[in-house]
Amino acid sequence: MSATLRHAGWVLRGNPITAVAATGVLLLAVLAIFAPWIQPYDPIASNVRNALQPPSAANWAGTDQLGRDILSRLIAATRLDLAIAISAVSISFAAGAVIGSLCGYAGGRMDRVVGRLVDVLMAFPLFVLAMAMVAALGNRVENIIIATAFINLPFYIRFARAEVNVRRDAGWVEAARACGDSHLSVVLRFLLPNILPAMAVQISLNLGWAILNAAGLSFLGLGVTAPTPEWGIMVAEGARFITSGQWWLVAFPGFTLMLAVLCFNLLGDGLRDILDPRMRT
Amino acid sequence: MRALRAVGRRVGRRLVASAPALLGVVVFTFLLMRVLPGDPAVFFASGPNAGQEEIDELRRVLGLDRPIPVQLAHYLYDVGTGNLGRSLTTGQPVLRDLTERLPASLELTVTALILALGLALPLGILAALRPGSLLDHGVRLVCSLGVCVPTFVSGLLLIYVFYVVLGIAPDPTGRLDIFAASPPDITGFLLVDFLLVGDMEGWRAAAAQLVLPAATMALFTLAPLARMTRASMLAVLGSDFVRTAKSIGLGRGRVVLVYALRNALLPVITITGIVFSTMLGANVLVEKVFSWPGVGSYALDALLGSDYAPVQGFVLLMASAFVIVNLVIDTLYGIADPRVSIE
């Protein structure tokens, strides 16, 4: 374990940007886990007398139209936003890896049918699809997760399929089969673990995208409802006050959103460079 | 001539190949919309105390009492004959609503794409010519930041800076100031219509309204375009034929812009197609921020009001747009690199 950590430390020293991004992700995780103890005020307690105050010593990020402390709301929202993104990406990762590698391994008709379905799915503007899904399934947080997972799925299926496809005739796969392993066990025990590192990079890149999607949906009024602190809905509520000059209602959630996505993207880029230097752009 | 025929064949084959996908999209949206909670018959009955008879009557009129497969068959027939149903909120045929609003969305998307390409291509080329330079790092920074800022945040911040603080942008609502005279409706594209009637003042007003939303969208799409241009140019610039072209003494401009760029264009065209379809989706967000009367905000209002037909029509429109974009991309492939047509 300590050797692994030492190696990770050595790698990160050589990639300062990745190290910063990894620290950022770690910080977000800490904020999400310990939110109730870190936030200075109650994120949903309103105090109308203190409404729309600019950033000050008492309220570092100012207060919103109901006098709620924006910094506390930002911290509380970290938990929800990360939870949505992580669960959505985990679902699509698990489902996509299994479906994709089975297709890539089996080939034939099933592969073609699934490939065609994936094409149809990707023919949609995916954000519109997510909108329609949340509206169809009901305006709840679970459905944001399902919709986000669903629009991520085709990418994982495609990726896993391609990765398995190039390995299915490799010597060690044949060896496993020759030893009497069933097809299912070859896929699950040998092929899947082999493509995991490459897919891990996709996860980090996808998390940023999932956060943007979820925030976009709740900005439109889908999924998360009013008093719940969430970055997208905070921007939506603040949008009404931007033309009268109260910039902090939009700017702080906006920047938090941006930083979170940036950290996940940079971490993903860094991981990809470390795992596969040829893909560096 | 032969090249043209080859391109035609490719386009034809593509069109045939996309038919099942389009059909799939229609069926899928239909099913999706039928699972929607909230019975539109109840929603549109006269009020909360509407009698059961009135609701049943509405359901009959809307065709909601028939079995799902029958409804689907009717829907497919209607789509085939160009009847997309009637919007319950506007009371107009969906096709008419969409055609009325489509120019607004297209004007915005196309302007944004031109803006993004106009910035991304030079930036990508310059960054590839001097990898590791200050400019290269600058482009990389802009790209990394660009994909992280959601359009609804950058749009609002642009409004704050250019409308509230600097006061140089017009009121960020809609395509035209409410007090301004709109041009005669010729094409529906305000910029084109103003030009056609020769009203330069009106043209400038419409363009001023367009700048912020278009810039918002361009900012978001700049990153993938510039990144791909840089990567692809970098690969081509290191190839043998570029070295040969340089060694026989061709001018630098000619080597970069003719020999390298044309060969580097293929991946850029691919990514442009992907970016365009992302923009169609992102339209919804930008249109909401700027109260832009396009198809995206129309579909969103319908969606929140559980009005099925406009949403179905919108998704169908988006999927068709995607197919058309793919066709254009395919044609461009053949023009940019004739080797593709041979396959």
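Please read these numbers as outputs of a predicted model, since none were measured by experiment.

1. Examining the overall build of chain B
Looking only at helices and strands, chain B has 14 helices and zero strands in total. Along its sequence from the N terminus, chain B presents helices and strands in the succession α-α-α-α-α-α-α-α-α-α-α-α-α-α. In chain B, which comprises 343 residues, the proportion classed as buried is 44%. In chain B, the proportion of contacts linking residues at least 24 apart, taken out of those at least 6 apart, comes to 73%. When the accessible surface of chain B is totalled, it reaches about 16900 Å², and 67% of it is carbon and sulfur. Taking the average location of the 26 positive side-chain charges in chain B and that of its 24 negative ones, the two points are 19 Å from each other.

2. Focus on the UniProt feature "transmembrane region" (unreviewed entry) in chain A
Residues annotated in UniProt with the feature "transmembrane region" (unreviewed entry) correspond here to residues 20-38, 82-105, 117-138, 144-160, 207-226 and 246-268 of chain A. Between the end C-alpha atoms of residues 246-268 of chain A the distance is 35 Å, and the span holds 91% helix and 0% strand.

3. Focus on the interface of chain A and chain B
Opposite the 39 residues of chain A that make contact, chain B presents 43 residues. Interface area, chain A with chain B, both sides summed: about 3600 Å², of which 84% is carbon and sulfur. For the interface between chain A and chain B, the tally reads one salt bridge. Between B:Arg227 and A:Asp269 there is a salt bridge whose closest N-O contact spans 3.6 Å. Between the two partners, chain A and chain B, sit zero residue pairs in polar contact (both at pLDDT 80 or more). Of all elements in the fold, only α4 (108-123), α5 (126-137), α8 (183-219), α9 (231-239) and α10 (248-275) of chain A reach the threshold of two or more residues within the side of chain A that touches chain B.

4. Some remarks on the packing of helix α9 (residues 200-237) of chain B against helix α11 (residues 252-289) of chain B
All names here are of chain B. At a minimum axis distance of 8 Å, the contact between α9 and α11 shows a crossing angle of 150°. Between α9 and α11, the interaxial angle falls into the category roughly antiparallel. The element α9 and its partner α11 pack so that their crossing is right-handed. Residue composition of the contact of α9 with α11, grouped by class: 18 nonpolar, seven polar and no charged.

5. With respect to the nonpolar core
Most often, soluble globular proteins keep nonpolar side chains buried together rather than apart. Grouped together as the largest cluster of nonpolar side chains are 143 residues, with contacts concentrated most on A:Met131, A:Ile211, A:Leu217, A:Phe219, A:Leu220, B:Phe152 and B:Phe314. Ranked by residues supplied to this core, first place goes to α8(A) with 14 residues. The two domains that each donate at least three residues to this core are domain 1 (2-80) and domain 2 (101-336) of chain B. Contacts of A:Met131, omitting those with residues within four sequence positions, involve A:Leu217, A:Leu220, A:Leu222, B:Val284, B:Leu300 and B:Leu303.

6. Some remarks on the domain arrangement of chain B
Per the domain assignment, the segments making up chain B are domain 1 (2-80) and domain 2 (101-336). Taking only C-alpha atoms, the centre of domain 1 of chain B and the centre of domain 2 of chain B are 31 Å apart.

7. Re α9(A)
Judged by how many residues are buried, α9(A) sits mostly within the fold: seven of nine residues are covered. Where α9(A) is concerned, the buried positions are A:Trp231, A:Gly232, A:Ile233, A:Met234, A:Val235, A:Glu237 and A:Gly238. For α9(A), the secondary structure elements touched by its buried residues are α3 (70-106), α8 and α10 of chain A together with α7 (151-165) of chain B. For α9(A), the N-terminal capping position is held by A:Glu230, with its side-chain oxygen 2.7 Å away from the main-chain nitrogen of A:Gly232.

8. Points about the environment of A:Leu31
Residue and element names in this part refer to chain A. For Leu31, the position within the fold is in helix α2 (residues 16-38). The class for Leu31 is partly exposed, based on a relative accessible area of 23%. When the C-alpha atoms of Leu31 and Ala76 are compared, they prove to be 8.1 Å apart, with 45 residues separating the residues in sequence. Filtering out sequence-adjacent residues up to four positions away, Leu31 remains in contact with Ile38, Ile75 and Thr78.

9. So, the pattern of salt bridges
If charged atoms from side chains of opposite charge come close, those side chains can pair. A full pass over the atoms with the stated rule returns 10 salt bridges over all chains. A:Arg161 is the partner of A:Asp111 in a salt bridge, and the nearest nitrogen-oxygen pair spans 2.7 Å. Here A:Asp111, found in helix α4, pairs with A:Arg161, found in helix α6 (residues 141-167); they are 50 residues apart in sequence, far enough to count as distant. In this structure, B:Asp136 engages B:Arg230 in a salt bridge whose closest nitrogen and oxygen atoms are separated by 2.7 Å. Separated by 94 residues along the polypeptide, B:Asp136 in helix α6 (residues 134-146) and B:Arg230 in helix α9 bring together distant segments of the chain. As far as the burial class goes, B:Asp136 and B:Arg230 line up, both buried.

10. A look at unusual backbone geometry
Unusually for a residue other than glycine, B:Ser291 sits at a positive phi of about 45°. Take B:Ser291: it is sitting in the loop between α11 and α12 (295-304).

11. Here we look at the UniProt feature "transmembrane region" (unreviewed entry) in chain B
Residue and element names in this part refer to chain B. Residues annotated by UniProt as "transmembrane region" (unreviewed entry) correspond here to residues 15-36, 108-129, 141-166, 206-226, 264-286 and 314-336. Strand forms 0% of residues 141-166 and helix 81%; the C-alpha atoms that close the span are 26 Å apart. From the first C-alpha to the last, residues 264-286 spans 31 Å; its make-up is 100% helix and 0% strand.

Cut-offs and rules
- Sequence order as written defines the numbering, with residues in each chain counted from 1.
- Numbering of ligands from 1 and lettering of chains from A proceed in the order in which they are written.
- Residues qualify for local features only when their pLDDT is at least 70, as the model is predicted, and side-chain atom pairs are given and counted only at 80 or more; totals for whole chains, interfaces and linings, by contrast, use all residues.
- In computing side-chain values, all of the structure's heavy atoms are included and hydrogens and water are not.
- Runs of H or I in DSSP of at least four residues are treated as helices and runs of E of at least two as strands, each being numbered from the N terminus.
- Under the scheme applied here, a residue whose accessible area is under 20% of the maximum for its type counts as buried, over 50% as exposed, and between as partly exposed, the area being computed with a 1.4 Å probe on protein chains only.
- Any two residues whose heavy atoms approach within 4.5 Å at even a single point are treated as in contact.
- For the accessible areas, the method is Shrake-Rupley and the probe is 1.4 Å, while residue cover comes only from the protein chains on display.
- Here Asp and Glu are counted as negative and Lys and Arg as positive; His is not counted, and neither are the chain ends.
- To locate a charge, the coordinates of NZ of Lys, CZ of Arg, CG of Asp or CD of Glu are taken.
- UniProt positions are given in the numbering used here, feature names are shortened, and annotations may be inferred rather than shown by experiment.
- What counts as buried area is the accessible surface, traced by a 1.4 Å probe, that two parts surrender upon association, with contributions from both included.
- Salt bridge, as used here, is a side-chain nitrogen of Lys or Arg placed within 4 Å of a carboxyl oxygen of Asp or Glu.
- Any pair of nitrogen or oxygen atoms within 3.5 Å is treated as a polar contact; in protein, a donor-acceptor pairing is required on top of that, and neighbouring residues in sequence qualify only through side-chain atoms on both sides.
- For helices, the axis comes from a line fit to the C-alpha atoms of the stretch in contact; other axes are also lines fit to C-alpha atoms, and the angle between any two N-to-C directions lies between 0 and 180 degrees.
- Note that the term roughly parallel is reserved for angles under 35 degrees, roughly antiparallel for angles over 145, roughly perpendicular for angles of 65 to 115, and oblique for everything else.
- Should the near helix be turned anticlockwise from the far one by less than a right angle, the crossing is termed left-handed; should it be turned clockwise, right-handed.
- Classification used: nonpolar for Ala, Val, Leu, Ile, Met, Phe, Trp, Tyr, Cys and Pro, charged for Asp, Glu, Lys and Arg, polar for all others including Gly.
- Only buried residues count toward a nonpolar core. Its members are Ala, Val, Leu, Ile, Met, Phe, Trp, Tyr and Cys residues joined through side-chain atoms within 4.5 Å.
- Segmentation into domains, and thus their bounds, comes from an automatic or database assignment.

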